Amino acid sequence: MNLQEFEGQYREAMAETLNDLQTAVLLLAQVQHKISKIGSSVQHISEQVEEFIADQKAE
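Worth saying up front: this structure is predicted, and the values here are computed from it rather than measured.

(A) Structural context of the environment of A24. Along the polypeptide, A24 turns up in helix α1 (residues 3-58). When its relative accessible area of 42% is taken as the criterion, A24 is described as partly exposed. When the C-alpha positions of A24 and S41 are compared, they lie 25 Å apart, and in sequence the two are 17 residues distant.

Structure representation (structure tokens):
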């Protein structure tokens, strides 16, 4: 393998690795957003259940 081949393989491997890293970062952002939405949903459901229980006890 000569220097040009080595450089080409190096650059290709770096580009692929950086693309993979960028994809992982984007996926992480999507996961964080989804976790936040799920947390809000759970909190909302919990508040509704607590309100329902309080209403049932009041009757």
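(B) Representation of the pattern of salt bridges within the structure. Under the defined criterion, the tally for this structure stands at one salt bridge. Of the charged contacts in the structure, one is a salt bridge between R11 and E7, with a shortest N-O distance of 2.9 Å. Residue R11 and its partner E7 are located together in helix α1, separated by four residues, close to a single helical turn. Residue classification places E7 among the partly exposed positions, given a relative accessible area of 35%.

(C) Structural context of a nonpolar patch on the surface. Together, M1, L3, F6, Y10, M14, L18, L21 and V25 line one region of the surface with nonpolar side chains, adding up to about 900 Å² of accessible area. Along the chain, L3 turns up in helix α1. What makes L3 exposed here is its relative accessible area of 67%.

(D) Expanded view of the environment of I38. Take I38: it is sitting in helix α1. Assessed through its relative accessible area of 48%, I38 is described here as partly exposed. Linking I38 and L28, residues 10 residues apart in sequence, is a C-alpha distance of 15 Å.

About the thresholds
Residues numbered from 1 in each chain as written. Predicted model: local features only at pLDDT ≥ 70, side-chain atom pairs only at ≥ 80, totals over all residues. Heavy atoms only, no water. Helix = DSSP H or I, 4+ residues; strand = E, 2+ residues; numbered from the N terminus. Buried < 20%, exposed > 50% of the residue type's maximum accessible area, 1.4 Å probe, protein only. Salt bridge = Lys/Arg side-chain N within 4 Å of Asp/Glu carboxyl O. Patch = residues over 30% accessible without salt bridge, like charges linked within 9 Å, V, L, I, M, F, W, Y side chains within 5 Å. Areas by Shrake-Rupley, 256 points an atom, 1.4 Å probe, with all protein chains shown as cover.

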